[in-house]
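For reference, the chains in residue letters:
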Amino acid sequence: MRGVCWQKSVRRTRILLPVSREPVCSATPECVYILLIGCAIAILQQVSGINILLYYAPSLLQNISPDTQTSLYHSIFLGLALLVGVAFCLNAVDRWGRTRLLRWGALGCAVSLVITAWAFIAQIGGLLPVVGLVAFVLIFGMSWSLGAWLLISEIFPNRIRAVAMGYAFSSMYLANFIVTQTFPMMNRSRLLMDHFHGAFPLMLCAAGCLVAFWFVKRFLPETRGISLEHIEPLMLSKSRRFAAKAQATSGHPIQPDWADNKKQEQL
């Protein structure tokens, strides 16, 4: 009886909440600029080629391994390297900063892929190509594995966060689909195999890592120590079009507190 009376009282209760008439996502040029940066981070994470190694490691290693069993055995070390790299990134991302890890991680991934591609082209068997791939996965785990996901969750202003993260993650999975679908085609191409011996996809991924290095250095500021309410002027600070306006309208310093403290220590 009490439960029935309580349900009736709940139905009679009306809670009036203030309704915001502002659009959920205002497509201003500033928001579009930040959205494109987030989508680019998501795409560059996949263009690095990490999922090629995670999905097709045995097929890739068969280009330089004598048999399938050896390829499967070597692929175990890729998973272990990713685990160690992610464990390192968990402890280093707040200590060293996001952009530093992403920038040097992209450069390290490119160097590892270039060494591995050279081993494939020269048809050098043994441990050299395996070590190159393990180094790539380890460096990726130390940088882009968590760094990209963390930045996508940090860089968007509150008013567009939900919609923008949806676009960024959609871009990530679309890039993942394209990369993982094109690799088998390139790995089975007779022309590419005759000239590159399976190294052509690795060379493309190395080029993507170099693009990621340039992109992070050019467009991405350090977000460590910045609250979500003040992230927008920081993200616009590296834009030639919006930097001056963001500096003038922001009532909060664009640089994080740790950067100011570091400058005072140097003085």
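The structure displayed is predicted, hence computed values, not measured ones.

Peer 1: Explain unusual backbone geometry to me, please; I cannot follow it from the model alone.
Peer 2: Glycine aside, a negative phi is what most residues show, and trans is what most peptide bonds show. Non-glycine residue Gln 123 carries a positive phi angle of around 55°. Residue placement: Gln 123 occurs in the loop between α5 (98-121) and α6 (128-142). Classification of Gln 123 by relative accessible area gives exposed; the value is 56%.

Peer 1: How should I be thinking about the pattern of salt bridges in this particular structure?
Peer 2: If charged atoms from side chains of opposite charge come close, those side chains can pair. Scanning the model with the defined rule gives 3 salt bridges in all. For the salt bridge of Arg 98 with Glu 154, the shortest nitrogen-to-oxygen distance reads 2.7 Å. Taken together, the residues span a long stretch of sequence, with Arg 98 in helix α5 and Glu 154 in helix α7 (residues 144-154) at a distance of 56 residues. Residues Arg 98 and Glu 154 agree in their burial class; the two are buried. Salt bridges sharing common partners tie together Asp 94, Arg 98 and Glu 154.

Peer 1: What is the right way to read empty space enclosed by the protein from this model?
Peer 2: By the definition in use, this model includes 1 cavity of 30 Å³ or more. Size it by volume and the largest cavity reaches roughly 40 Å³. In this structure, the largest cavity is lined by Leu 44, Gln 45, Ser 48, Ala 106, Cys 109, Phe 140, Trp 144, Cys 209 and Ala 212. Residue assignment for the lining of the largest cavity shows that the elements contributing at least two residues are α2 (29-47), α5 and α10 (200-219). The class makeup of the residues in the lining of the largest cavity is 7 nonpolar, 2 polar and no charged.

Peer 1: Is there a simple way to think about the UniProt feature "transmembrane region" (unreviewed entry) in the chain in this case?
Peer 2: Under the UniProt annotation, the feature "transmembrane region" (unreviewed entry) is placed at residues 31-56, 76-94, 101-121, 127-152, 164-183 and 195-216. Span residues 31-56 is 92% helix and 0% strand, its end C-alpha atoms 37 Å apart. Across residues 127-152, helical content stands at 92% and strand content at 0%; the span's end C-alpha atoms are separated by 36 Å.

Peer 1: Where do I start with α10 in this structure?
Peer 2: An α-helical segment advances 3.6 residues per turn. Residues three or four places apart therefore align on the same side. The terminal C-alpha atoms of α10, which comprises 20 residues, lie 29 Å apart, in line with the 28 Å expected from a rise of 1.5 Å per residue. Listed as buried for α10 are Pro 201, Leu 202, Cys 205, Ala 206, Gly 208, Cys 209, Ala 212, Phe 213, Phe 215, Val 216 and Phe 219. Those residues of α10 that are buried are in contact with α2, α3 (50-61), α5, α6, α7 and α8 (161-188).

Peer 1: What's the story with the environment of Arg 240 in this structure? I'm lost.
Peer 2: Along the chain, Arg 240 falls in the loop between α11 (231-235) and α12 (243-249). In this structure, the C-alpha to C-alpha distance between Arg 240 and Phe 219, residues 21 residues apart in sequence, is 10.0 Å.

Peer 1: Teacher, can you tell me more about α3 here?
Peer 2: End to end, α3 covers just 14 Å across 12 residues, shorter than the expected 16 Å (1.5 Å per residue, more than 12% under). Within α3 the residues assigned to the buried category are Ile 50, Asn 51, Ile 52, Leu 53, Ala 57, Leu 60 and Leu 61.

Peer 1: Is there a simple way to think about the packing of aromatic side chains in this case?
Peer 2: Any aromatic ring pair is given by two values, namely how distant the centres are and how the planes are angled relative to each other. In the structure shown here, the tally under the stated rule is 11 aromatic pairs. Residues Phe 196 and Phe 200 carry aromatic rings whose centres are separated by 5.3 Å and whose planes lie at 45° to one another, so their mutual orientation is tilted. A relative accessible area of 23% places Phe 196 in the partly exposed class. Look at Phe 200 and you get partly exposed, because its relative accessible area is 24%. One aromatic cluster in this structure is built from Tyr 55, Tyr 56 and Phe 183. One residue, Arg 218, lies across the ring of Phe 219, its end atom 4.5 Å from the ring centre.

Conventions and cut-offs
As a convention, each chain's residues are numbered from 1 in the sequence order in which they are written. Reporting of local features is limited, given that this is a predicted model, to residues whose pLDDT is at least 70; pairs of side-chain atoms are given and counted only at 80 or more, and all residues count toward the totals for whole chains, interfaces and linings. For the side-chain quantities, the full set of heavy atoms in the structure was used; hydrogens and water were omitted. The secondary structure listing takes helices from DSSP runs of H or I that are at least 4 residues long and strands from runs of E that are at least 2 residues long, numbered from the N terminus. The rule is simple: take the accessible area with a 1.4 Å probe, protein chains only, and divide by the maximum for that residue type; under 20% is buried, over 50% is exposed, in between is partly exposed. The working definition used for a salt bridge is a side-chain nitrogen of Lys or Arg within 4 Å of a carboxyl oxygen of Asp or Glu. The pocket and cavity definitions rest on a 1 Å grid over protein atoms only: a 1.4 Å probe that fits but cannot leave marks a cavity, an open set with protein on both sides within 12 Å along at least five of seven lines marks a pocket, and residues lining either have an atom within 4 Å of a point. Grid points are joined across faces, edges and corners, and a volume is the space filled by probe spheres set on the points. Throughout this entry, Asp, Glu, Lys and Arg are counted as charged residues, while Ala, Val, Leu, Ile, Met, Phe, Trp, Tyr, Cys and Pro are counted as nonpolar. The remaining residues, Gly among them, count as polar. UniProt positions are given in the numbering used here, feature names are shortened, and annotations may be inferred rather than shown by experiment. Helix span is expected to be 1.5 Å times the residue number reduced by one. Any two residues having at least one pair of non-hydrogen atoms within 4.5 Å are treated as being in contact. Any two rings among Phe, Tyr and Trp, with Trp reduced to its six-membered ring, count as a pair given centres within 6.5 Å; such a pair is stacked if its planes are under 30 degrees apart, edge-to-face if over 60, and tilted if neither. For a Lys NZ or an Arg CZ to count as sitting over a ring, it must be within 6 Å of the ring centre and within 35 degrees of the ring normal.

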